[in-house]
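Structural features, examined
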Amino acid sequence: MNLKELLPSRPEDMHKGQRGRLLIAGGSQHYPGAPALSALGALRSGAGVVTLMSLEDVCRACAARLPEVVYHPENNIELWKYFALSQNSINAIVAGPGIERSYEAQKFIADIWRDWQGKLLLDGDGLYALAVNRDELRARKNSVITPHEGEAGRLLGITPEEVRADRQSAVKELARKWGCAVLKGHHTLIASGGKFAEVSHGGAELSVPGSGDVLSGCIGAFLAMGLEPFSAALLGANIHGMAGEILAGDGVDGVLASDIAHNLRKVIHSLRCSDGA
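Since we're looking at a predicted model, the values are computed, not measured.

Position of Ser38 relative to the elements: it lies in helix α2 (residues 33-44). Classification of Ser38 by relative accessible area gives buried; the value is 0%. Apart from residues lying up to four places away in sequence, Ser38 is in contact with Ile24, Pro97, Asp213, Ser216 and Gly217.

Turning our attention to the side chain of Arg167. Tracing the backbone through its elements, the reader meets Arg167 in helix α9 (residues 167-178). Separated by 2.8 Å, the side chains of Arg167 and Glu149 make a polar contact. The contact partners of Arg167, leaving out residues within four places of it in the chain, are Glu149, Leu183, Lys184, Gly185, His186, His187, Thr188 and Leu189.

On to helix α11 (residues 229-248). If you check α11, its first and last C-alpha atoms are 28 Å apart, about what 20 residues at 1.5 Å a residue would give, namely 28 Å. For α11, the tally of buried residues reaches 16 of 20 residues, placing the bulk of the element in the interior.

Where helix α10 (residues 211-224) contacts helix α12 (residues 257-273), the axes come no closer than 8 Å and their chain directions differ by 35°. α10 and α12 meet at a crossing whose hand is right-handed. On α12, the residues that touch Ser211, Val214, Cys218 and Phe222 of α10 are Ala257, Ile260, Ala261, Leu264 and Ile268. For the contact of α10 with α12, the per-class residue count stands at eight nonpolar, one polar and no charged.

Ranked by size, the top nonpolar core spans 95 residues in total, and within it Phe108, Leu122, Ile145, Ile190, Ile219, Phe222 and Ile239 carry the most contacts. When residues of this core are assigned to their parent elements, the largest contribution, ten residues, is made by α11. Here Ile239 is in contact with Leu7, Cys218, Phe222, Leu264, Val267, Ile268 and Leu271, once residues within four sequence places are set aside.

Conventions we followed
Residues numbered from 1 in each chain as written. Predicted model: local features only at pLDDT ≥ 70, side-chain atom pairs only at ≥ 80, totals over all residues. Heavy atoms only, no water. Helix = DSSP H or I, 4+ residues; strand = E, 2+ residues; numbered from the N terminus. Buried < 20%, exposed > 50% of the residue type's maximum accessible area, 1.4 Å probe, protein only. Contact = heavy atoms within 4.5 Å. Polar contact = N/O pair within 3.5 Å; in protein donor to acceptor, adjacent residues only side chain to side chain. Expected span 1.5 Å × (residues − 1). Axes fitted to C-alpha atoms, helices over the stretch in contact; angles between N-to-C directions. Left-handed = near helix turned anticlockwise from the far one by under 90°. Nonpolar A, V, L, I, M, F, W, Y, C, P; charged D, E, K, R; others polar. Core = buried A, V, L, I, M, F, W, Y, C linked by side-chain atoms within 4.5 Å.

Written out as structure tokens, the structure is:
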């Protein structure tokens, strides 16, 4: 596996649109920071244009921290779908971080899964909505889901303990049912079609609130840059783990998800300068 070969090229005359345009849809009153962390992860991974669609209060709070993001505030979640589908320049969507489990949120996720033809990553309560609608929704060739063991169990109709007992079978079944699957945890597993990979990078330092949101933004950025789901997931999960390893040098306690995000750039630069990894 040569991660360097997966990195998109960076010609000197490129503009921001060539770095990929990513839409992140999520956030709620209880979890306003989740989509912001995804946006930060995407920007630190090299995305060119990141748009955050969320509630007005969430957008206002996030804008104070991340002025580099484009914001689309809309309190009527039922209208989110129409904005997303109207954005012809968007290359990929990350949906679900912090979105919670309201009926409107679940319907938005189900509609986007059915109607959005571009690349899509579901995380957080987006996975809850997928599980609730699992009898109606089918696998997508251009999707990525990023569950932890509890979310994976809900998607498969089994317990988290059953997932933990055979993680490899679980991630392969997730991929069969939904598309590219990233089963998060110690030694994250990735499956898509007949492809399978295990991520050896990262450890306990990644087990902090918001870490998964950063990972979603990182993978989403690579989807927007043109990578296919398995390659985007493989590259993103490894870079996320390597960013954690940098932080682990100072111990595994007190790490913030934003610390992980800020180290993504350092890892990517190191890969570009390496002989291959």
